[in-house]
Amino acid sequence: MKQKILIQLSMSCDKRRSKALTLAARAAGVTSMGITGDARDQLEVVGDGVDPVCLVSCLRKKLGHAQIIKVEEVKKPEEKKKEDPKPKPAEPVYPPPYYYYPPSYCHQWW
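Residues numbered from 1 in each chain as written. Predicted model: local features only at pLDDT ≥ 70, side-chain atom pairs only at ≥ 80, totals over all residues. Heavy atoms only, no water.

*Asks:* Give me the lowdown on the sheet that holds strand β3 (residues 42-48), citing residues and values where you can.
*Replies:* Strand order in the open sheet formed by four strands is β2-β3-β1-β4, with antiparallel pairing between adjacent strands. Lying at the two open borders of the sheet, with one neighbouring strand each, are β2 (30-36) and β4 (66-73). Within the sheet, the average angular offset between the axes of one strand and its neighbour, ignoring direction, is 20°. Helix α1 (residues 14-26) rests against β1 (2-9), β2 and β3 of the sheet, and its axis sits at about 160° to β2. On the sheet, helix α2 (residues 52-63) packs against β1, β3 and β4 and is oriented at approximately 155° with respect to β4. (Pairing = 2+ DSSP bridges. Helix = DSSP H or I, 4+ residues; strand = E, 2+ residues; numbered from the N terminus. Axes fitted to C-alpha atoms, helices over the stretch in contact; angles between N-to-C directions. Contact = heavy atoms within 4.5 Å.)

Next up, the structure:
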């Protein structure tokens, strides 16, 4: 199940932002991440099977204040299904005809 996690961090400079991205990239199951928000203080992480609590506790140890804002499931956009023409019914396949070898003649020489 793919999920999108939004985490608010106390990031005051670009060095802390890059460190937060590095730590998020090392987490298991993360496919993409980015810095969002008006003040560029939110970390958005998208991944499959990411543990948000473990990720936040790791960020707290290295960067200080961090809190989970939102965790939501990412759904794939519905693809429009094209109506395929119905396939023709399968024609029966007949086995090849059997060919019998001519009987062997036993000529007796008496």
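*Asks:* Before we move on, could you go through unusual backbone geometry and cite the residues and values that matter?
*Replies:* Phi is positive for R40, which is not a glycine, with a value near 55°. Checked against the element boundaries, R40 lands in the loop between β2 and β3. Residue R40 is classed as partly exposed on the basis of its relative accessible area, which comes to 43%. (Buried < 20%, exposed > 50% of the residue type's maximum accessible area, 1.4 Å probe, protein only.)

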